[in-house]
Amino acid sequence: MNTQFNKITRVMKSNTAALCGTAMLAMLSAPAVTAQEAATDDVEVIEVSGIRSSLTSALLEKREATNLIEVIQADDVGKLPDQNLAEVLENITGIQITRTAGVGTGVQIRGTNSNRVEINGVSTVGSGSGRSGISFEDVNASIISSVEVTKAPDAKTIEGSVGGTVNLRTIRPLELSETLGSVRVQLEDSSLSTESATPRFSGAFGDNWETDAGKFGFVASGSYTEQEAVSFRPRTDRDNLSNIEGVPEFQGIQFLVQEQENDDYETLNLATTFEWAPNADLKFHFDAIINEQERSRDNYRIQASGVSSFREYNTPTAFETINYGTVGGVNIGSYQAALSGTIGDPLLPTQENPNLRFSSETGSRITDSTVFILGGEWQGENLKVSAEISSSSSDTTNPTLSTTVNFINPNCDIEGNSRNENCTPFIYDLSGGSLAWGINFDSPWAPSVADLTNPANVVLDQVDVGRNINENAEDAFRVDFEYYVDTVDFINTVDFGFRYNKSSHKFEDIDDRIGGFSQMKDSPNGTLFAELLVKGPTNYGDADGRDLFISNFLLLDPDRSFSDPAGTLKILQDAVIAHDPDSPDILKVESDKNAFRDIKEETTALYVQANFELNEMIRGNIGVRYIETDIDSTGYGPNDTLETTSGSYDFLLPRLNLVITPHDDVVVRLGYGTDINRPGFNRLATGYSLAQDENSVVALGNPGLQPEEVDSFDIGVEWYFAEAAVASIGYFKKERTNIFGIDFEGAALLDDPNNLTGGLSREPGPSCPGGGFYNPTVIPGILASDPNQIGMCVDLTKPGNDPDTTTQTGIEMAFQYDLSSFEDDLGWASGFGILANYTIQDFSGGSIVDSTSGRGLQVLGDVSIDRGLLDFSENAYNFTLYYEKFGLSARMRYTWREAFRTQDFGGGANTSGSSTLSFPVVTADRGQLNASISYDVTEQLNIGLEAVNLTEERIDQYCVAENALLCFVGLPDRRLTLGASYRF
């Protein structure tokens, strides 16, 4: 007969991990699986399958764990709840995610991005300079059988995480109960794409065999995925004050941007495992995980510049009141801001009028990553020994080819025009949060559609080319011992072990630029490279139905840039030479020695841990982990010679986990632990990069940067009140010292009556008495009055350790229940179930402060705001309703997170006194609805449909404070995936 879930777990305690794995893999290897235990006096049967089976098995593993973990298991082979691993993790209480063009890419566990990602318990390395490990978009969810998140570590847990450790687990072949075989084919479509649906293929095979030499097992799973994600991102800068006679002071239009993000993903994943058990006491395993991804981005960006010159000339037709409220203890109050109007001089169509430029950004991140694991374990009478050698690597190149062309309006007076920008009249209507703008076709000198798409009316501004290289690797060896103690009643085992790893990171900045031309005499006309110019997309209104936008413009062909970059560059270079044969700007792509870094790190770790149990009510572990790390950071010094800076640190990390079972159905958890968070490799660099953009920021490194130290405390209660059901509440507290921060020094913006494009200029250098860093490569735009000036003082950042302590606290609540036990009463309705969780958290402390500078200082005055923790939402929840019965499986999940401050915004903006008024932006409250439905046509064949961002929820980003000045809007797509799977 059926029994309650809590009765089964009491007899499973002695071998929980193996039972969980067996239950999960049995579920994966049959269409409808029954979780059964051998007949004993206390063991009865639970019959579950699909969604409910995965939830039951995951809940069992969580309940029996000694430390606080969360587990999500696949409903079927290659069928986690979501297609994207970041969105899979969003199902867990205490986890929020961030998205790029609508695709989940970043994961915050308990409010922080500083987490670790493992595969089968082995460290992974990322594609950039961070320490978290492999990017979630690089691994297709279809090759992962389950995901484990460790929130409270024990002494065995590898150090290096603030919020938690994510372990991606693949199928173990020796635990298969029968031959595993499946294939899945899917098609995904983006609502904002102009291209056809993209395919996904995945499959798995596994089996095990008994032989005279022991038991052998093999499993392989793989996937090939193409995906397109599209997002429209309008931007409006109103970061300057306007004074027009007879009109109260207001924030006028400084800059307008129409941007489209278009990311194409092509991902190949392969995971294989070979296991051999010569006898019952000895087992070996070899895992190979191979990932290849190319993430291609072909963005376009249309920019209206030079509009600031008219902020004191064109009176808006409508205004809105921006209420900043009290920020940083300063009551900023309310300002009037331009809401709608026109920009330009209708009587004098000359070069002083606004400018229009078209930018095309084509770039890729091509990453090849591998994880290889060779290990074994031996079980003696009182001693268990495990040993493992692993190697993780990630090699990434970032080829880029980006161009900007300036539109020359043929209807304007170009006589004596020296600059390569020429008057275009604009109209804007920002109402309804649209940030909409376009060409004012009512102006007598407005260009026609034919003018906008004529190559003769554009000139080349600049070409940026690069192929940066990141090489990351970690080789590790570990040996773990588990000694069974029979001399002390309350101590079951003592664990101790050793781990050594060598990590490396190498980065080369390889790039160059043609142009940055500001003068007509230097700028090749579009007729010289007309074969590369194509009309841009016309569907910018598809996301929200807007009709005010620029739909006719020219771009460098992104497809040709990807397929033939060398040929594309040759045509552009030939155009430059043909235009100026005497002194052409010749492209020279080479490594920037200033930015080169080569960092090596060696870590030795030792741990000891006692596992104890007092009667049947109290169990847990207590231990300590000791680590010692040596670092060598190499870069080029002032004399163009390689120089190495060395450092070291060591930490003692105590950890305790306690589980109390005051009642059969109640579990109380208590955890305490200390961990560290290592700085990203880019923070440890000795070099730096220089860019030619006047708004670029020079980011220096700091090889002496110390790790953060994190003390964590957890207490929680879990009530398993019914079969496969739980209600839980937990409290956590994290104190972080030596927290990482960025010390910012802004370059001074000085009043300059000779600057006719804004009235402000930066110091030309080479000394920068007003602050900042002298960048000799800058080609000034609007922040210099001398058109021939090269170089200027720019903003400077440098990583540092915050001397104060920061504190994060939070409460996590979760609920899981289904109606399957009421089948006799409810019939078909007994297939419903729900999952819900809610997280509320708080952050305090720290001494990092953002202060107004540049135009931010002019508009807001002297205001400072505590930085706090970026990407941190105080409140978040998600609710899942699912149905499973009669072969039908459906799931609908709504996720919501409260507003958070971030430096992730689009349109080429920056926080250096302009664009965002000196501060990180505030991403507003946002929810998202995902849904899926599938049906078992036969025991082998299943068809299904999945939807991401079903209601196409927008992303609003405000400057300074939530619901204050709307600066950026994101309009991501809705993606539908139709597919079928077949089991053999």
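Whatever comes next refers back to the structure up there.
Read on for a plain summary of the structure. (Residues numbered from 1 in each chain as written. Predicted model: local features only at pLDDT ≥ 70, side-chain atom pairs only at ≥ 80, totals over all residues. Heavy atoms only, no water.)

**As for the state of the cysteines**
- Counted by the stated rule, this structure contains three disulfides.
- Here Cys412 engages in a disulfide with Cys423; their sulfurs sit 1.7 Å apart. Within this pair, whereas Cys412 is found in the loop between strand E18 (383–407) and strand E19 (426–429), its partner Cys423 is found in the loop between E18 and E19, the two being separated by 11 residues in sequence. No difference in accessibility class separates Cys412 from Cys423, as the two residues are buried.
- Between Cys768 and Cys793 runs a disulfide, and the two sulfur atoms are separated by 2.1 Å. Its S-S torsion of approximately -95° makes the covalent link between Cys768 and Cys793 left-handed. Residue Cys768 is located in the loop between strand E35 (760–762) and strand E36 (773–775), and its partner Cys793 is located in strand E37 (residues 792–818); the two are separated by 25 residues in the primary sequence.
- A residue is classified by how much of its surface remains accessible, and Cys768, at 19% relative accessible area, is buried.
- In the protein, numbering the disulfide-bonded cysteines from first to last in sequence yields the connectivity 1-2, 3-4, 5-6. (Disulfide = S-S within 2.5 Å. Helix = DSSP H or I, 4+ residues; strand = E, 2+ residues; numbered from the N terminus. Buried < 20%, exposed > 50% of the residue type's maximum accessible area, 1.4 Å probe, protein only.)

**Observations regarding the pairing of strand E2 (residues 95–100)**
- For E2, the tally of buried residues reaches six of six residues, placing the bulk of the element in the interior.
- Along E2, one buried face is formed by Ile95, Ile97 and Arg99 and the opposite face, lined by Gln96, Thr98 and Thr100, is buried too.
- Bridge analysis of E2 against strand E3 (residues 103–109) gives six bridges, and the strand direction is antiparallel. The residue of E3 that forms the bridge with Thr98 is Gly106.
- Counting the residues that bridge the hairpin from E2 to E3 gives two residues, and of these Ala101 lies at a positive phi of roughly 50°. (Pairing = 2+ DSSP bridges.)

**Focus on the packing of aromatic side chains**
- All chains considered together, the criterion is met by 28 aromatic pairs.
- Between Phe426 and Trp437, the ring centres sit 5.5 Å apart and the planes meet at 80°, which makes this aromatic pair edge-to-face. Note that Phe426 is positioned in strand E19 and Trp437 in strand E20 (residues 436–439), a separation of 11 residues in sequence.
- With a centroid separation of 6.3 Å and an interplanar angle of 10°, the aromatic rings of Tyr838 and Tyr877 are classed as stacked. (Phe/Tyr/Trp six-rings, centres within 6.5 Å; stacked < 30°, edge-to-face > 60°.)

**Comments concerning the sheet that holds strand E1 (residues 69–73)**
- With mixed pairing, five strands are arranged side by side in an open sheet as E1-E6-E7-E4-E5. A strand with exactly one partner marks an edge of an open sheet, and here the two such strands are E1 and strand E5 (122–123).
- Sheet analysis places E1 next to strand E6 (residues 146–150), joined by five bridges and oriented antiparallel. By the bridge assignment for E6, Ile69 is matched with Thr150.
- Contacting E1, E6 and strand E7 (165–169), helix H3 (residues 50–64) crosses the sheet at an angle of about 160° to E1. (Contact = heavy atoms within 4.5 Å. Axes fitted to C-alpha atoms, helices over the stretch in contact; angles between N-to-C directions.)

**Some points on a nonpolar patch on the surface**
- On the surface, a cluster of nonpolar side chains totalling about 960 Å² of accessible area is made up of Phe205, Trp209, Phe218, Leu270, Phe274, Phe286, Ile290, Phe372, Leu374, Ile389 and Phe477.
- For the nonpolar patch, the elements supplying multiple residues, two or more each, are strand E9 (198–211), strand E13 (255–279), strand E14 (282–305) and strand E17 (355–379).
- Position of Phe274 relative to the elements: it lies in strand E13.
- Phe274 gets classed as partly exposed once you look at its relative accessible area, which sits at 36%. (Patch = residues over 30% accessible without salt bridge, like charges linked within 9 Å, V, L, I, M, F, W, Y side chains within 5 Å. Areas by Shrake-Rupley, 256 points an atom, 1.4 Å probe, with all protein chains shown as cover. Salt bridge = Lys/Arg side-chain N within 4 Å of Asp/Glu carboxyl O.)

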